[in-house]
Amino acid sequence: MAAGAGPGAGGARSRSIVVLTGAGISVESGLPSFRGAAGLWQGRRLEEVATPEAFARQPALVQRFYDERRRQLLDPAIRPNAAHLALAELERRWPDPVVVVTQNIDDLHERAGSRDLIHMHGELLKARCTACAAVHGWQEDLAGAHRCPGCARSGCLRPHVVWFGEMPLELDAIQSALESCALFVAIGTSGQVYPAAGFVEAVRGAGQAHTIEINLEPSAISSRFAEHRRGSAAALVPALVEELLGAPAG
Ligand code: BJW
């Protein structure tokens, strides 16, 4: 059980919750993970397409990778699953902040209703101008000639995502949420990509928070968590949320 994280537990201490999500939470919505059997794209490893160097070398190929994923995300069949919905319900009903830090670039958390949400690796439905740095909502393919709606230069738009070697977004806000939380839950992430893989260590270093990993299988950092729940996110996250919301106050 999530020690100290039940409503009312811990006296005046914050009972805020930080949830880190990875590709595994969206698998049951129909979006593939990166490192599973189906996680390759045209026989390429993610590291071959998700770097600034790859984009400089083969921009059309990298744009195509994201264009395909954007089209898939916009397919009406892709919808938030029970895990996304349960986290949104937790945020609505929990008396203290519930911050979802997602490594995912899909928009399934916001569609489910999460509002206190950080997309640390960017968002697929946004494009960024490499000339003026403006970020724009974007639903079309980026391959081909587009003008930046801000500065009107053409050929400067790239997906608003964080590639290997680039700085993840909102790290200061994430760090302060990690330092003050009473419960940290990591859902569906392989623990192979930093700095996200180091968050559990930051939480442990800060003191009192309970830590839970939810995953089909042990991740690369499982040993750093106090509690492990093995199984699918769509089954286990609603169960955890029900447990938390049902915990007696006081
Ligand atoms: C289920 C499930 C179900 C399946 N239910 N579970 C320290 C040590 C070593 C290296 C580094 C280090 N610090 C930095 C680095 C370098 C690098 C890095 O980590 N490299 C590693 C490969 C070693 N990191 C970076 O370059 C980062 N930048 C950076 O560090 O800047 C400098 C800095 C320094 C100091 C402090 C702060 C910053 C940037 C990383 C950017 C990652 N970008 C990508 C692409 C984003 C765009 C896109 O989506 O295309 O982000 S890579 C890719 O991996 C994507 C994901 O968000 C990320 C993590 O993947 P995730 O979510 O874990 O997915 P999977 O597929 O790996 O795992 C799925 C899991 O779900 C599995 O465990 C399944 O079992 C499980 N699962 N179905 C429950 N139904």
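Residues numbered from 1 in each chain as written. Predicted model: local features only at pLDDT ≥ 70, side-chain atom pairs only at ≥ 80, totals over all residues. Heavy atoms only, no water.

## So, the environment of Ala152
As for its placement among the helices and strands, Ala152 is situated in the loop between strand S5 (135-137) and strand S6 (157-161). Remark: the alpha-carbon pair of Ala152 and Cys129, spanning 23 residues in sequence, is separated by 9.7 Å. (Helix = DSSP H or I, 4+ residues; strand = E, 2+ residues; numbered from the N terminus.)

## A look at the site of the ligand
As a matter of local geometry, the ligand sits amid 36 residues, with Arg35, Tyr66, Arg69, Ser190 and Asn215 nearest to it. Ala23 is positioned such that a nitrogen or oxygen atom in its backbone is 2.8 Å from an oxygen atom of the ligand. The side chain of Arg35 places a nitrogen or oxygen atom 2.7 Å from an oxygen atom of the ligand. Relative to its free-state accessible area of 1500 Å², the ligand is covered by the protein chains to the extent of 77%. A per-class count over the shell around the ligand returns 18 nonpolar, 13 polar and five charged. Looking at the shell around the ligand, you find at least three residues from each of domain 1 (6-31 + 80-120 + 168-245) and domain 2 (33-77 + 122-161). (Near = heavy atom within 4 Å. Polar contact = N/O pair within 3.5 Å; in protein donor to acceptor, adjacent residues only side chain to side chain. Areas by Shrake-Rupley, 256 points an atom, 1.4 Å probe, with all protein chains shown as cover. Nonpolar A, V, L, I, M, F, W, Y, C, P; charged D, E, K, R; others polar. Domains from an automatic or database assignment.)

## As for the domain arrangement of the protein chain
When the domains of the protein chain are assigned, the result is domain 1 (6-31 + 80-120 + 168-245) and domain 2 (33-77 + 122-161). Taking the mean C-alpha position of each, domain 1 and domain 2 sit 26 Å from one another. Summing both partners gives a buried area of about 1200 Å² for domain 1 against domain 2, and 60% of it is carried by carbon and sulfur. For the interface between domain 1 and domain 2, the tally reads zero salt bridges. Our count for the domain 1 to domain 2 interface comes out at four residue pairs in polar contact (both at pLDDT 80 or more). Broken down by element, the residue count for the side of domain 1 that touches domain 2 peaks at three residues, all from helix H6 (residues 108-112). Class assignment for the residues of the side of domain 1 that touches domain 2 results in eight nonpolar, six polar and four charged. (Buried area = accessible area lost by both parts, 1.4 Å probe. Salt bridge = Lys/Arg side-chain N within 4 Å of Asp/Glu carboxyl O.)

## As for the sheet that holds S5
Two strands in a sheet stick together by hydrogen bonds in their backbones, pointing the same way (parallel) or opposite ways (antiparallel). A sheet is described by the order of its strands in space; here three strands give the open sequence S5-S4-S6, paired in antiparallel fashion. Among the strands making up the open sheet, the edge pair consists of S5 and S6. When strand polarity is set aside, the average angle formed by the axes of neighbouring strands in this sheet is 45°. Bridge count between strand S4 (residues 122-129) and S6: five bridges; the pairing is antiparallel. The partner of Gly122 across the bridge, within S6, is Val161. Along the sheet, helix H4 (residues 59-74) makes contact with S4 and S6, crossing S4 at roughly 135°. (Pairing = 2+ DSSP bridges. Axes fitted to C-alpha atoms, helices over the stretch in contact; angles between N-to-C directions. Contact = heavy atoms within 4.5 Å.)

## What to know about the side chain of Ser219
By the secondary structure assignment, Ser219 is in the loop between strand S8 (210-215) and strand S9 (227-230). A polar atom in the side chain of Ser219 sits 3.1 Å from the backbone nitrogen of Ile221. Look past the residues within four positions of Ser219 in its chain and what remains in contact with it is Thr189, Ser190, Gly191 and Glu213.

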